[in-house]
Structure formats: C-alpha cells, structure tokens
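Coordinates in review
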Amino acid sequence: MTLIPTKTPLVAKKMFPNYIWDIPTNEKILYLTFDDGPTPSITNWTLDILKKHEAKATFFCIGNNIEKHPDIFQNILNDGHTIGNHTYNHVKGWKTKTEDYLEEVSKTQKIIEIATRHVPLATHTLFRPPYGQISRKQGQNLIELGYKIIMWDILSFDWEASISEENCLQNVIKKATNGSIIVFHDSVKASKNMQYALPKVLEHFSKEGFIFKSLKG
Ligand SMILES: [Zn+2]
C-alpha cells in the first residue's frame, strides 16, 4: 500500500505555493493529464476516447518516448491537446543532482520545441516532475527558467497494480471537483486501470455538466 493520498491535502498545497495543484474556479471544469507517453497503441486509444467526448487534456511526455514515437506525438498535437515536459529519462528529482535534473528538462524541451515548430504560437512551459519528486532548489531553478510546475489535485492510482479498476474509477469520481487537475498515465503499466476508468470518468462528469480543458502554458 501507499501513503500518498488520492486527493492532495490543502496543507501540502500550502507548503509548496509556487507549484500548481489545481485551477481555482466556480465553473464545472476538469483538467485531465496523462503522463509517461507517447506509448504505442495506448496514447492513440486515449486520443480517440477524448475526441469522442470533445475533451481536451494535457500530456506530460518523456523526451525519450517522443524521440521513439514522433508520429504518436504529432497525433497529440494535431488533436489540440497541450504538451508538457516530464524529463528525458523519467528521473527522480530527489536522487538526481540539480545540474543533471535541469539537463534532463532542457534536453526534453529542445525535442518538444523541434517537434512542435510547425505549430503557430505554440508555447511549452509546463513541467511535471516524475513521481512528484523535485527538490526545492530544482523547482526554484525551473521556475526562474520560466517553467510552471504542475502537480495535481487527484491521483487516479491507475499505475498501481494492487488496486482494482473500479477503485481507480472511484478515486476520481468521488474526489474530483471544480478545477481539479487529475493524473492518469498513457503507459503500458497503467493501461488496465486507465482504460477502464477513463471512459467512465468522461461519461460521469459530462452528464453532470463538466467540460474537460487542457492546461495553458
Ligand atoms: Zn511519470
């Protein structure tokens, strides 16, 4: 079992006020995010489901995966979703020297910039630390470089093999609220739970009048 809560407590958000945990609003808006792609078949499946529900999302891509799957990366772009940076090798901030961590981010940023150069006015300033692990120094450096550090309000725990598909779904349905940033993964590891929960999350909240937007950055 894990000690990380499904919904980030206010006290944790207040400890790190420079990071973005949710987008405060009175409107029925949710922000779906997908980490760790692009991944063959899973990312395209995700794009199809999102399109069916006219939902926009944010994809925090691993640099190495963008290089391996440039066509899938272009599909994300073509569907009008937002791209975020998730390091080149999915490294843990607490175990990586700041200099090396910043290099992981800038290497990925260059790959994103080249792959999106044909998109007019595209800006890519969003960064999500793998595992949510980032030192204060690393975070401060990235903010000074112009990145917005995107954390989350709700974890679906889709990657966690020990939880059932239904629990993954309920994690989101019970806890998400106006302006929540919700974490899913377009990865092989998470696919069993994610592919069960995502269509039901989209249906449930659409019926309740919510719309799904991408983060801006
Ligand atoms: Zn990740």
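Residues numbered from 1 in each chain as written. Predicted model: local features only at pLDDT ≥ 70, side-chain atom pairs only at ≥ 80, totals over all residues. Heavy atoms only, no water.

So, the layout of surface pockets
When its volume is computed, the largest pocket comes out at roughly 740 Å³. Mapped by element, the contributors of at least two residues to the lining of the largest pocket are α1 (10-15) and β7 (181-185). Of the voids in this model, the second largest pocket is the one considered here, and its volume is about 200 Å³. Tallied by class, the residues present in the lining of the second largest pocket amount to six nonpolar, six polar and one charged. (1 Å grid on protein atoms, 1.4 Å probe; cavity = no way out; pocket = protein on both sides within 12 Å on 5 of 7 lines; lining within 4 Å. Points joined across faces, edges and corners; volume = space filled by probe spheres on them. Helix = DSSP H or I, 4+ residues; strand = E, 2+ residues; numbered from the N terminus. Nonpolar A, V, L, I, M, F, W, Y, C, P; charged D, E, K, R; others polar.)

Topic: the packing of helix α5 (residues 98-115) against helix α6 (residues 136-144)
Interaxial distance between α5 and α6 falls to 10 Å at its minimum, and their mutual angle equals 45°. The pairing of α5 with α6 is recorded here as oblique in orientation. At the point where α5 passes α6, the crossing takes the right-handed sense. The residues of α6 that touch α5, namely those facing Thr98, Tyr101, Leu102 and Val105, are Lys137, Gln138, Asn141 and Leu142. A per-class count over the contact of α5 with α6 returns four nonpolar, three polar and one charged. (Axes fitted to C-alpha atoms, helices over the stretch in contact; angles between N-to-C directions. Parallel < 35°, antiparallel > 145°, perpendicular 65-115°, else oblique. Left-handed = near helix turned anticlockwise from the far one by under 90°. Contact = heavy atoms within 4.5 Å.)

So, the packing of aromatic side chains
When we look at a pair of aromatic rings, we describe it by the centre distance and by the angle of the planes. Taken as a whole and assessed by the stated rule, the structure comprises seven aromatic pairs. A centroid spacing of 5.1 Å and a plane angle of 25° characterise the contact between Phe34 and Phe59, whose relative ring orientation is stacked. Pair noted here: Phe34 is in strand β1 (residues 29-35) and Phe59 is in strand β2 (residues 57-61), with a separation of 25 residues, a long-range link. A relative accessible area of 1% means that Phe59 is categorised as buried. (Phe/Tyr/Trp six-rings, centres within 6.5 Å; stacked < 30°, edge-to-face > 60°. Buried < 20%, exposed > 50% of the residue type's maximum accessible area, 1.4 Å probe, protein only.)

Section: the coordination of the zinc ion
Around the zinc ion, the donor atoms from the protein are Asp36 (OD), His86 (NE2) and His90 (NE2), and they sit 2.0 to 2.1 Å away. Along the chain, the residues donating to the zinc ion fall in the pattern D-x49-H-x3-H. In this pair, Asp36 is assigned in the loop between β1 and α2 (42-52) and His90 in the loop between β3 (82-85) and α5, connecting sequence segments 54 residues apart. In this structure Asp36 comes out as buried when scored by relative accessible area, which is 15%. His90 sits in the buried class, given a relative accessible area of 18%. (Donors = N, O, S within 2.8 Å, 3.2 Å for Na, K, Ca; no water.)

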